[in-house]
Amino acid sequence: MDVVIYLLAAALFLGLLGLGAFVWALKTGQFDDMEGAAHRAIMDDDDETA
Amino acid sequence: MSLAASTSATGTTDRDLATERLDFAVDGATCAGCMQKIERSARTLPGVIGARYNFTTHRLAVDAAPAIFDPIALIERLGGIGYEARPYRPDVAETRAEANDRRLLRALAVAGFGAANIMLLSVSVWSGNASGIAPETRDLFHWISALIALPVVAYAGQPFFESAATALRAKRLNMDVPISLAVLLALVMSVIQTASGADHAYFDSAVMLLFFLLIGRVLDSRARRQTRDLGQNLLALQRPTVTKLLLNGGTRQISSANVMLGDRIVVAAGSRIGVDGRVVSGSSAVDTSLITGESAPRTVGAGDDVYAGTLNLSGSLTIEARAAGANTLLSEISDLMDRATAGRGRYRRLADRAASIYAPLVHVLAALTFIGWMALGVGWQLALLNAIAVLIITCPCALGLAVPTVQAVATGSLFRAGALVNSGDALERLAQADIVVFDKTGTLTEPDSDIQNLAEIPPEVLTLAARLAMSSHHALAKAVARYAKNSQPFQNVREIAGQGVVAIVDGRELRLGARAFCGVKAPGGRDNAATLELWFRDGDKPPAAIRFGQSLKRDARESVSELKTLGLGIEMISGDREAPVRSAAEALGIADWEAATDPKQKIARIEDLQTQGKRVLMVGDGLNDAAALQTANVSAAPAAALDITQAAADVVMIGNRLTPLVGAVKMGRKARRLMLQNFAFAGAYNLIAIPLAVAGLVTPLLAALFMSGSSLVVTLNALRAKRAR
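Residues numbered from 1 in each chain as written. Chains lettered and ligands numbered in written order. Predicted model: local features only at pLDDT ≥ 70, side-chain atom pairs only at ≥ 80, totals over all residues. Heavy atoms only, no water.

Participant: Is there a simple way to explain the interface of chain B and chain A in this structure?
Facilitator: For an interface, size is often stated in terms of accessible area lost upon the parts coming together. Of the residues lining the interface, 31 residues belong to chain B; the matching set on chain A comes to 29 residues. Summed over both partners, the interface of chain B with chain A comes to about 2700 Å²; 62% of that surface belongs to carbon and sulfur atoms. The largest per-residue losses of area from chain B upon contact with chain A belong to Gln36(B), Arg102(B) and Phe113(B), which jointly make up 19% of the total buried on that side. When the shortest N-O distance is used, the salt bridge between Asp32(A) and Arg102(B) registers 2.9 Å. Where chain B packs against chain A, one counts six residue pairs in polar contact (both at pLDDT 80 or more). For the side of chain B that touches chain A, the secondary-structure elements that each account for two or more residues are α1 (2–16), α2 (32–43), β2 (48–54), α4 (92–131) and α5 (135–156) of chain B. The element contributing the most residues to the side of chain B that touches chain A is α4(B), with nine residues. Class assignment of the residues belonging to the side of chain B that touches chain A gives a composition of 18 nonpolar, six polar and seven charged. (Contact = heavy atoms within 4.5 Å. Buried area = accessible area lost by both parts, 1.4 Å probe. Salt bridge = Lys/Arg side-chain N within 4 Å of Asp/Glu carboxyl O. Polar contact = N/O pair within 3.5 Å; in protein donor to acceptor, adjacent residues only side chain to side chain. Helix = DSSP H or I, 4+ residues; strand = E, 2+ residues; numbered from the N terminus. Nonpolar A, V, L, I, M, F, W, Y, C, P; charged D, E, K, R; others polar.)

So this is what it looks like as structure tokens:
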């Protein structure tokens, strides 16, 4: 049963990783414009700088 | 590309300077292409380091070096490619709303993380309880659950705890009180259970409850924020600039918000008057339809008062700005509005009504369950456990989601159809309206004048006049210029302020302008400044008169008849004279109408209808309608309305159409039906769940199934609002 401890730790770690990624995305404004993001996917960006 | 060149040219200096973020409200973007065009043209301006357009809020955020960047250049550049832009400064309330929105999302993510991981452990325990799990392993799983649940609830539960605390301090009960109580008690109880090595712990229920409720909160806050953001954009787009006369005789463009008491403002013929003031010099005809509803222009001269929002038609005016004193029209209107707000019986939202039944009921039930089990002598632990089960399992999930999900879906689909819903409960109130009271000018009719005697003007004459009119900024000339179709404007056109435009074409002199300007004698005794007409003369041919008036909106007839088929009564109350009101009423098939009303009479009529037990939907655009909009049970205004009027309206119709109103009424009814269905479902669910909980039969597994099942049903039902009609 000891292996369960490692499994649990791994599951929690991965979960926290996901949570961290979400909070980072939120903080960098990636959820501010859901509609625009959908359109950006089909924009020609050959000459975008940034 | 040129873009790369210009960025690198200024790039080195930009990096060294501090950058500043500026926001612009930009109108007219409809697709990915527009978004790209806007961003590109912003980026090519000197000093701009980055530009990003937000498609949801229709705002452009520009990072720029303040020393080099010129906002006016950006506005002009965007105007040149067809997007109207205005500087936009988010107010404090909005920044706070945005912060709150993010906080709720973060809380939702944390709760989701907690719920998923605790559920993983709980499922193991449930299956283990059936197949003989070692008690040590179960205790370990419970302890790990506690380790996750405690910080998660401490963080994600804050929105509920704060709201509950506020309510309790004010000695009130709201939905959040039983929710907070259930979550906290469940946690405390579970820790005690875990410490004593019991079979069950309720960590999963507590965290899952928070997760589902937060979904409702997030939806609610997003929907509200989006409509508010766009509403603010509309206001920013309307704030005009005015021409201030400087002491040295020069002029400068300033925002109307920066006008000081006593400033001299020059208003050119054909432009909107940006401030309230008194005419110092000049005389003109002023279109006051937005203020009074009167469609014929009023003649003003030195000493007369003019109001912001009116249109200066014929001559140049110099006015002295003044603050709204005690006797101005504006202050009278805002007095009326204050009174209307105070007198309006606050509408009780469906959700509030549900909560006012739910909150006390669930407390009483939980208390009775506790007392009952104590009386049976099972010990305080089991009694408390069952009482908590009652708190947790009664319908907060379904109830917390019932209204916000429907609102989010309905306002979203209405927005796509061109109606902006300002307040959360507007949909419910729309559903209950049984009579529509329309204003005429600007609401049922076009806000701008249009040619009325098209049949009398030969097409070739009209085309010539239209080509000439293209060179003028005059409001009426602009209406003529619409008939130019694809032809080009003439060269060498001279505009004589307050008179008209003149050009020599093929050796003939073409003139478009005032009656006298075209050499036509005024008929005796008539004040020609107040007649809404232009004259056109082609060389020596007899001059032609072009008469203006307000046409009905293209979809007015159709919308009115559709509202009738929805079972709504239709009435029209206008500040305009009887003749135009009568003809509009006849054209639209409106039997009940009233003309020449002032704002007080409009309110009186609405109150009259209300005392007859009717629920009034008022639609208007003018300053004279603002108080009436406030008095009515629910109200709508076109996007071209004045700020103050839009602020008073529950629904703003985007685009110059009435169809969104019909859509809004239909959607309101549908939304209300779906909300009631959701409540009915929550009620039915409780009929099964409450007895089980009181009897102490609800295990954590059962609670999880009940909660997620009911939330899912309610959400899926709300999604049906997406399909309009």
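Here the narrative resumes.
Participant: Sorry, what's going on with the environment of Gln610(B) here?
Facilitator: Residues and elements named next belong to chain B. Here Gln610 lies in helix α19 (residues 599–611). For Gln610, a relative accessible area of 23% puts it in the partly exposed group. In this structure, the C-alpha to C-alpha distance between Gln610 and Asp101, residues 509 residues apart in sequence, is 38 Å. Sequence-distant contacts of Gln610, defined by excluding residues within four places in its chain, comprise Val616, Thr631, Ala632 and Asn633. At 3.1 Å, the side chain of Gln610 and the backbone oxygen of Thr631 are in polar contact. (Buried < 20%, exposed > 50% of the residue type's maximum accessible area, 1.4 Å probe, protein only.)

Participant: What exactly am I supposed to notice about the side chain of Ser190(B) here?
Facilitator: Residues and elements named next belong to chain B. Checked against the element boundaries, Ser190 lands in helix α7 (residues 176–195). Residue Ser190 is classed as buried on the basis of its relative accessible area, which comes to 1%. At 2.7 Å, the side chain of Ser190 and the backbone oxygen of Ala186 are in polar contact. With near-sequence residues (within four places) excluded, Ser190 lies in contact with Ala201, Tyr202 and Phe203.

Participant: What is the right way to read helix α3 (residues 71–80) of chain B from this model?
Facilitator: In an α-helix, one turn spans 3.6 residues; hence positions three or four apart end up facing the same way. Residues and elements named next belong to chain B. What α3 keeps buried is the set Leu74, Ile75 and Leu78. Viewed along the axis of α3, the buried residues span an arc of 100 degrees, placing them on a single side of the element. Opposite the buried face of α3, at more than 90 degrees from it, the exposed residues are Glu76 and Gly80. Buried residues belonging to α3 abut β1 (20–27), α2, β3 (59–64) and β4 (84–88). (Arc of directions from axis to C-beta.)

Participant: Mind showing me how you'd approach the nonpolar core here?
Facilitator: Proteins that are soluble and globular tend to have nonpolar side chains buried together. Residues and elements named next belong to chain B. Phe438, Leu563 and Leu617 are the most contacted members of the largest nonpolar core, which has 117 residues in total. Not counting the four nearest positions on each side in its chain, Phe438 is found in contact with Thr443, Leu444, Val560, Leu563, Ile570, Glu571, Met572, Ile573, Val619, Leu658 and Leu661. If you look at the next biggest cluster of nonpolar residues, it comprises 30 residues, including Ala481, Val501, Ala503 and Leu532. (Core = buried A, V, L, I, M, F, W, Y, C linked by side-chain atoms within 4.5 Å.)

Participant: Please clarify how the pairing of strand β24 (residues 616–619) of chain B should be interpreted in this entry.
Facilitator: On a regular strand, one side chain projects to one face of the sheet and the next to the other, so that they alternate. Residue and element names in this part refer to chain B. Where burial is concerned, the two faces of β24 agree: the one with Val616 and Met618 and the one with Leu617 and Val619 are both buried. As judged from the three bridges shared by β24 and strand β25 (residues 634–638), these two strands associate in the parallel manner. In the strand pairing of β25, Leu617 is matched with Val634. Chirality of the crossover, the property in question, places the unit of β24, helix α20 (residues 623–631) and β25 among those that are right-handed. (Pairing = 2+ DSSP bridges. Right-handed = clockwise from strand over helix to strand, strands pointing away.)

Participant: Hey, could you run me through the packing of aromatic side chains in this one?
Facilitator: Given two aromatic rings, their pairing is described by the distance between the two centres and the angle made by the two planes. Per the counting criterion, the structure on display carries five aromatic pairs over all chains. Taking 5.0 Å as the distance between ring centres and 55 degrees as the angle between the ring planes, the aromatic pair formed by Phe22(A) and Phe31(A) counts as tilted. Using a relative accessible area of 22% as the deciding quantity, one classes Phe22(A) as partly exposed. For the ring pair Tyr53(B) and Phe55(B), a centre distance of 6.4 Å and an interplane angle of 80 degrees mean the geometry is edge-to-face. The ring of Phe517(B) has Arg511(B) sitting right over it, with the charged end atom 4.5 Å from the ring centre. (Phe/Tyr/Trp six-rings, centres within 6.5 Å; stacked < 30°, edge-to-face > 60°. Lys NZ or Arg CZ within 6 Å of the ring centre and 35° of its normal.)

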